[in-house]
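Residue-level structural notes
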Amino acid sequence: MASMEGLIGLMNRIQRACTALGDHGGGSDLPTLWESLPTIAVVGGQSSGKSSVLESIVGTDFLPRGSGIVTRRPLVLQLHQTENGSQEYAEFLHKPKTRFSDFALVRQEIADETDRLTGKTKQISPVPIHLSIYSPKVVNLTLIDLPGLTKVAVEGQSESIVEDIENMVRSYVDKPNCIILAISPANQDIATSDAIKLSKEVDPTGERTFGVLTKLDLMDKGTNALDVLEGRAYRLQNPWVGIVNRSQADINRKVDMISAREKEREYFETSPDYAHLASRMGSEYLAKLLSQHLESVIKARIPSITATINKTIDELESELDIIGKGVAADPGAQLYTILDLCRAFDRVFKEHLDGGRSGGDRIYGVFDHKLPAAFKKLPFDRYLSVQNVKKVVSEADGYQPHLIAPEQGYRRLIEKGITYFRGPAEATVDAVHVVLKDLVRKSIGETEQLRRFPTLQAAIATAANEALERFREDGRSTALRLVDMEAAYVTVEFFRKLPQDPAADPSSKVGTKPPVEPSPDRYGDGHFRNIASNVSQYIRIVGDELLQKIPKAAVHCQVREAKRSLLNHFYVQIGKKEGGEFGHMLDEDPAMMERRQQCLKRLELYKSARGEVDSVAWSSSR
């Protein structure tokens, strides 16, 4: 069986490799090994004693102190045990070439690096600070100090700060490989502990949670925390550990951690309440307990870590296949590459329209929802009011009122009323254009082979959008022509079926069938209300027809042409270029070139990590 030192050493080597590669469990789209490695997240409410617990485990003062939210970025703390007698020092990921032996400077650097992202405010950032400490006083651990949970935003903080902190903490403790170190002050009711409440939600069985009770020495006289420490108040699968941190007076007097640990040990050994638990209390015991637990978790996780490494290697090799090698120098080969990339983009674009990928259904949404909704909002009630109808008919009659039916008035009302459909017709064409442009953008982004070539991406986007603009103009003119045709020629059959002497029923409404009895007042409101009803019915019929025709115009002029000839003009332009211009179009994205190098470097190191893990796993199985 592999020794515990071998397992911890293995994790340290992999963690250091991850740190060197920039694999910190997020913030990169490269496959991550970091999140597969067991870690310990320190969770607690503000002023619960989190920082003091961490400093007790490390045995050194190194964390910023103050009131309110002091920890405003996650601190990923890697502890590396060194030989007895060696000097302790610290290194930051963001300053890899600087070694800190003065831990007051470490504290200042944490504060400065926090302010670099958040400014000198009370806001938080999810971007972690990575700190490695090398010391003979530590055990090999990875600890993550998270911002303290809070219930109320203070001055200078956004109203969402409470939710933001909780979401950040959850992003760590939700992971099944995360061991939760739940810090709760003993001088508060455990039922109200923020850390216990959250850990219960993400780890209901208590399998991943270690409870730590701080400030035991600050409890009211005559009270103790035995119900918690002995697991009666809230049971976990792992033991509770009591901690006595340094007092503020000790901190002000600069009492060192060695003396503080001795004082803590003496407190438990002489306490009438806790003496029988003394061997299982204190920061030194907590550090050893966590180290032993972490070692056992590492041993259990080696197979899954191996699987993750193998999966990562496969993904990196697949990505390198997609990234490909460098661009050929031959103009003929370059032209072939350009055309092949254009065809790849065109396939993705058509898949969006035909339903193979999402997005094309938005065009149907324009026809089925937006266009009918726009028709319903047209102001026909106001336009066909008795007052307006009377005005239009009177203007059409001129100096001599109509004798029977006001034909000119009818025609004016119909022609102007139908023109209201021009707005929705144009809006429909524009909405389809917006969807098509968005699908072009998405298709360029989803064509993996194109990602290497930003110049060609821009050229394809420009050519495609210019083509879509031409299709839009064609669609707009066609849709408006359909509306104008309806306004230019009135279907007479509808009006021939109407009574020649309609009644003037004051109670009739627009859209109701006119009565057949003669009206006593040919020029009263009832007469004009009846005209409005007839015009409304006719416009409604025209609208129903346009609801069918306008989508057909948009599909024929825009969607169909986009599928058939989106890049046709672009192909013609490429054919006119000189061979030397192809290389410029295939200028590779410097970021992609860097990506290739990152993948190659990471692939090499992950293969090395696989060899190390395999050797330890083989030793463990013997």
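Residues numbered from 1 in each chain as written. Predicted model: local features only at pLDDT ≥ 70, side-chain atom pairs only at ≥ 80, totals over all residues. Heavy atoms only, no water.

Considerations on the overall build of the protein chain
Counting its secondary structure elements, the protein chain contains 21 helices and nine strands. Within the span of the protein chain, comprising 622 residues, buried residues form 49% of the whole. Element-wise, carbon and sulfur atoms account for 52% of the exposed surface of the protein chain, whose accessible area totals about 30900 Å². (Helix = DSSP H or I, 4+ residues; strand = E, 2+ residues; numbered from the N terminus. Buried < 20%, exposed > 50% of the residue type's maximum accessible area, 1.4 Å probe, protein only. Areas by Shrake-Rupley, 256 points an atom, 1.4 Å probe, with all protein chains shown as cover.)

Details of the pairing of strand S6 (residues 141-145)
The buried fraction of S6 amounts to five of the five residues, a majority that puts the element mostly inside the structure. The alternating pattern of S6 places Leu141, Leu143 and Asp145 and Thr142 and Ile144 on opposite faces, both of which are buried. Inspection of the sheet shows strand S1 (residues 39-44) paired to S6 by three bridges, in the parallel sense. Among the inter-strand pairings, Ala41 is bridged to a residue of S6, identified as Ile144. As paired elements, strand S2 (residues 75-81) and S6 share five bridges and run antiparallel to each other. What sits directly across from Leu77, in S6, is Leu143. (Pairing = 2+ DSSP bridges.)

A look at the nonpolar core
Residues Val43, Phe62, Leu131 and Leu216 are the most contacted members of the largest nonpolar core, which totals 98 residues. In terms of residues, this core owes the most to one element, helix H9 (residues 283-323), which gives 14 residues. Ignoring sequence-local partners within four residues, the contact set of Leu131 consists of Phe62, Leu75, Val76, Leu77, Gln78, Ala90, Glu91, Phe92, Val106 and Ile110. Formed by 35 residues, the second largest nonpolar core is a distinct cluster that contains Ala431, Leu456, Leu566 and Phe570. (Core = buried A, V, L, I, M, F, W, Y, C linked by side-chain atoms within 4.5 Å. Contact = heavy atoms within 4.5 Å.)

Here's the deal with the sheet that holds S1
Within the open sheet, the nine strands sit side by side as S4-S3-S5-S2-S6-S1-S7-S8-S9. Their pairing is mixed. This sheet does not close on itself; its edge strands, each paired only once, are strand S4 (95-100) and strand S9 (241-242).

Comments concerning helix H2 (residues 50-58)
Counting buried positions along H2 gives nine out of nine residues, so the element sits mostly inside the fold. Every buried residue belonging to H2 is among Lys50, Ser51, Ser52, Val53, Leu54, Glu55, Ser56, Ile57 and Val58, and all of these are buried. Of the residues flanking the end of H2, it is Gly59, one or two places downstream, whose phi is positive at about 85°.

Quick word on the confidence of the model for the protein chain
In this model, the protein chain carries a mean pLDDT of 84, and residues with pLDDT of at least 70 account for 87%. Within the protein chain, the element-level pLDDT minimum falls on helix H1 (residues 4-21), averaging 66, and the maximum on helix H15 (residues 422-446), averaging 95. (pLDDT = per-residue confidence, 0-100.)

What about the side chain of Asp145?
Relative to the elements of secondary structure, Asp145 occurs in strand S6. Here Lys50 takes part through its side chain, which lies 2.8 Å from a polar atom of the side chain of Asp145. Ignoring sequence-local partners within four residues, the contact set of Asp145 consists of Val42, Lys50, Ser51, Leu54, Leu63, Thr71, Arg73, Pro74 and Leu75. (Polar contact = N/O pair within 3.5 Å; in protein donor to acceptor, adjacent residues only side chain to side chain.)

A word on the pairing of strand S8 (residues 209-214)
With respect to burial, S8 is a largely interior element, six of its six residues being buried. Relative to S8, strand S7 (residues 178-185) runs parallel, the two sharing six bridges. Counterpart to Pro185 in the pairing with S8 is Thr214. Where S8 lies against S9, two bridges are found, and the strand directions are parallel. Looking across to S9, one finds that Val212 is bridged to Val241.

Re the environment of Pro372
Within the secondary structure, Pro372 sits in helix H11 (residues 361-376). Here Pro372 falls in the partly exposed class, since its relative accessible area comes to 22%. In this structure, the C-alpha to C-alpha distance between Pro372 and Asp544, residues 172 residues apart in sequence, is 9.3 Å. Look past the residues within four positions of Pro372 in its chain and what remains in contact with it is Val366, Phe367 and Leu547.

Considerations on the packing of aromatic side chains
The final tally for this structure, using the stated rule, is 10 aromatic pairs. With a centroid separation of 4.7 Å and 50° between ring planes, the pair formed by Phe375 and Phe421 is classed as tilted. Linking Phe375 in helix H11 with Phe421 in the loop between helix H14 (407-419) and H15, this pair joins segments that are 46 residues apart in sequence. Phe421 shares its class with Phe375; the two are buried. Ring-pair connections join several aromatic residues into one group, and the members of that group are Phe375, Phe380, Tyr383, Tyr420 and Phe421. The positively charged end of Arg99 is found above the aromatic ring belonging to Tyr89, 3.9 Å away from the centroid. In this arrangement the basic side chain of Lys175 is found over the ring face of Tyr172, its NZ or CZ atom lying 5.8 Å from the centre. (Phe/Tyr/Trp six-rings, centres within 6.5 Å; stacked < 30°, edge-to-face > 60°. Lys NZ or Arg CZ within 6 Å of the ring centre and 35° of its normal.)

Focus on the environment of Leu456
In this structure, Leu456 sits in helix H16 (residues 454-488). Residue class for Leu456 comes out buried when judged on its relative accessible area of 0%. Along the backbone, Leu456 and His584 are 128 residues apart, and their C-alpha atoms lie at a distance of 8.6 Å. Aside from chain neighbours lying at most four places away, what touches Leu456 is Ile338, Leu341, Leu450, Phe570, Met585 and Leu586.

A word on the side chain of Thr114
Assignment of secondary structure puts Thr114 in helix H3 (residues 103-118). Looking at Thr114, its side chain comes within polar contact range of the main-chain oxygen of Ile110, at 2.8 Å. Sequence-distant contacts of Thr114, defined by excluding residues within four places in its chain, comprise Arg72, Arg73, Gly119 and Ile129.

Examining the pattern of salt bridges
Applying the stated criterion across every chain, the model contains 38 salt bridges. The salt bridge partner of Arg73 is Glu113, with a shortest N-O separation of 3.5 Å. One end of the pair, Arg73, is in the loop between H2 and S2; the other, Glu113, is in helix H3, with 40 residues separating them in the sequence. The residues Arg73 and Glu113 share a single accessibility class, namely buried. (Salt bridge = Lys/Arg side-chain N within 4 Å of Asp/Glu carboxyl O.)

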